[in-house]
Amino acid sequence: MSSKPQALKQLALQKFRKNFWGVFSFYFIVLVGLVSVFAYSFAPDNSQHANQMHLSIHSKKPGFTVKLLTLPSQFASNQSTFNALFFGKKNSDTEIPISEFHIEGNSLMYTEYTADGLEGEQKSVETSLFPDHAVLDHIKEKTFYFGTDKYGRDLLSRVLVGSRISFFIGFVAVFISLIIGVFMGSIAGYFGGKVDAFIMWIINITWSIPTLLLVIAITLALGKGFWQVFIAVGLTMWVEVARVVRGQIISAKEMQYVTAARALGFNDYRIITRHILPNIMAPVIVISAANFAAAILIESGLSFLGIGAQPPMASWGAMIKDHYNYIILGKPYLAIIPGLCIMSLVMAFMLIGNALRDALDVKN
């Protein structure tokens, strides 16, 4: 009996491997997942939320290069390596873009960077401020590969750190929707009658409310914030899962293996969890992949409206909100780059959903 399910799994896996776009999307999603988890290890700006501002070099084009003078902080940091790796460095050092510098005695003389050919202000700092008087170790030329945003922050670092929200909201929202949707759909489909009518009434009411409007209402009730958005999106996506599970269970509960399980005296909980649900998970997996993409789009929309992740937290939707007007000001890349990131991640989840649908279709 166990060899047959194993054979079906192997067949589905073989069909999935033959789908180029499905496999490509899978590895792309894995890559984005690794980047989002270890974002601060890859980001040039590893400060918390990649929020190191340099207003004198705001809105610079990709590939812009400038010298940065780092003035060490006088306050010791007690942050652990683990915390800095996953949550960013609590950077109290001061970075100053400069155009020229020279050392006179015990003083470092430098000229602050200014755009449009203007002459920057000349300032000085004591070399004793630097450890071991190693001044040159604190002056480095930095290239901003994606340019800088309107606050002079490294756009590449913001994109890498911002991938966390868009990626993890899919997992959290889909997890919440699966728990609620499978539970509600299972009860409605298996027991039927008044229980089914009551749950379908709840589903239809939830379905009739526009998704974005419902998410906004839940977010405002829970408050603005990181986890509030995750919960709000998850609480609005369970209806699709519930309807699919309900329909599948209505068909499956008339099957002979369910009748045999009842004849053996198994309780309803065991019949649903051990016999019916494992046999109807294929369409649930497919709709979950689609819900991943929907959750990313909803979160981006909320961040664009200012209800999602709050500043200074990096978010692709918030980055578009901050820079969409730059599209007509000759610097469209500030909004296009995060927009392309959202598009590529959503497309990857949709393609992997299509590949799973084809692989799990027993008729093919």
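Remember, predicted model here, so these are calculated numbers, not experimental data.

With that settled, the discussion passes to the overall build of the chain. Along the backbone of the chain there are 14 helices and five strands. Relative to a compact globule of 364 residues, whose C-alpha radius of gyration would be 21 Å, the chain shows 27 Å and is clearly more extended. Viewed in the frame of its principal axes, the chain has a C-alpha envelope of about 95 × 45 × 40 Å. Among the 364 residues that make up the chain, the fraction classed as buried is 43%. Summed over its atoms, the accessible surface of the chain is roughly 19,700 Å², and 63% of this surface lies on carbon and sulfur atoms.

With the rule as written, the count across this model stands at four salt bridges. Across the pair R357 and D358 runs a salt bridge whose closest N-O atoms are separated by 3.4 Å.

Turning next to the packing of aromatic side chains. Working definition: an aromatic ring pair is given by the centre-to-centre distance plus the angle between the planes. In this structure the tally under the stated criterion is 16 aromatic pairs. Judged by centre distance (5.1 Å) and plane angle (55°), the ring pair of F167 and F171 falls under tilted. Of the two residues, F167 and F171 both sit in helix α5 (residues 155-191), four residues apart, roughly one turn of that helix. Aromatic rings pair up to connect F167, F168, F171, F292 and F349 into one cluster. Above the plane of the ring of W207 lies R243, whose end atom (NZ or CZ) is 4.9 Å from the centre. Over the ring of F266 we find R270; its NZ or CZ atom is 4.1 Å from the centre of that ring.

A few words on the packing of helix α7 (residues 211-222) against helix α8 (residues 226-236). At their nearest, the axes of α7 and α8 sit 9 Å apart, and the two run at 140° to each other. In terms of orientation, α7 and α8 fall into the oblique class. Along this stretch, α7 crosses α8, giving a crossing that reads as right-handed. Residues T211, L214, V215, I218, T219 and L222 of α7 form the contact with α8, whose own contacting residues are Q228, I231, A232, V233, L235 and T236.

Here the focus is the confidence of the model for the chain. The predicted model of the chain averages 87 in pLDDT, with 95% of residues at 70 or higher. Across the chain, the element-wise mean pLDDT spans from 75 in helix α1 (residues 3-17) up to 94 in helix α2 (residues 20-37).

With that settled, the discussion passes to the sheet that holds strand β4 (residues 122-126). Either a parallel or an antiparallel arrangement is found when strands of a sheet pair, and the pairing is made through backbone hydrogen bonds. With antiparallel pairing, the five strands of this open sheet are ordered in space as β4-β3-β2-β1-β5. Strands at the two margins of the open sheet, each flanked by one partner only, are β4 and β5 (139-144). Pairwise comparison of adjacent strand axes, ignoring direction, gives a mean angle of 50° for this sheet. Here strand β1 (residues 64-71) pairs with β5 via six bridges, running antiparallel. Looking at the pairing, F64 lines up with F144 of β5.

Bringing a nonpolar patch on the surface into the picture now. Taken together, the side chains of F26, Y27, V30, L34, F38, F42 and L85 make up a nonpolar region of the molecular surface, amounting to roughly 650 Å² of accessible area. Structurally, V30 can be placed in helix α2.

Before going further, it helps to examine helix α6 (residues 193-208). Taking 1.5 Å per residue, 16 residues should reach 22 Å; α6 reaches 22 Å between its end C-alpha atoms and fits that length. Of the residues making up α6, those classed as buried are D196, I199, M200, I203 and T206. Along the axis of α6, the buried positions cluster into a sector of 120°, meaning they face one direction only. What points out from α6, more than 90 degrees from its buried face, is the exposed set K194, W201 and S208.

Along the chain, S186 falls in helix α5. Leave out the neighbours within four places in its chain, and S186 touches V245, I249, I272 and L277.

A separate point is unusual backbone geometry. Between P311 and the following residue, P312, the backbone shows a cis peptide bond with an omega angle of 5°. Inspection of the secondary structure puts P312 in the loop between α12 (281-305) and α13 (316-323). Although it is not a glycine, A50 adopts a positive phi angle of roughly 50°. Judged by its relative accessible area of 0%, A50 falls in the buried class.

Before going further, it helps to examine the environment of G317. In this fold, G317 is placed in helix α13. In the structure, G317 is positioned 84 residues away from V233 in sequence and 15 Å away in space, judged by C-alpha atoms. For G317, the contacting residues outside a window of four places in its chain are S300, S303, F304 and I342.

Each value, and the rule that gives it
Residues numbered from 1 in each chain as written. Predicted model: local features only at pLDDT ≥ 70, side-chain atom pairs only at ≥ 80, totals over all residues. Heavy atoms only, no water. Helix = DSSP H or I, 4+ residues; strand = E, 2+ residues; numbered from the N terminus. Rg over C-alpha atoms; globule rule 2.2 N^0.38 Å. Buried < 20%, exposed > 50% of the residue type's maximum accessible area, 1.4 Å probe, protein only. Areas by Shrake-Rupley, 256 points an atom, 1.4 Å probe, with all protein chains shown as cover. Salt bridge = Lys/Arg side-chain N within 4 Å of Asp/Glu carboxyl O. Phe/Tyr/Trp six-rings, centres within 6.5 Å; stacked < 30°, edge-to-face > 60°. Lys NZ or Arg CZ within 6 Å of the ring centre and 35° of its normal. Axes fitted to C-alpha atoms, helices over the stretch in contact; angles between N-to-C directions. Parallel < 35°, antiparallel > 145°, perpendicular 65-115°, else oblique. Left-handed = near helix turned anticlockwise from the far one by under 90°. Contact = heavy atoms within 4.5 Å. pLDDT = per-residue confidence, 0-100. Pairing = 2+ DSSP bridges. Patch = residues over 30% accessible without salt bridge, like charges linked within 9 Å, V, L, I, M, F, W, Y side chains within 5 Å. Expected span 1.5 Å × (residues − 1). Arc of directions from axis to C-beta.

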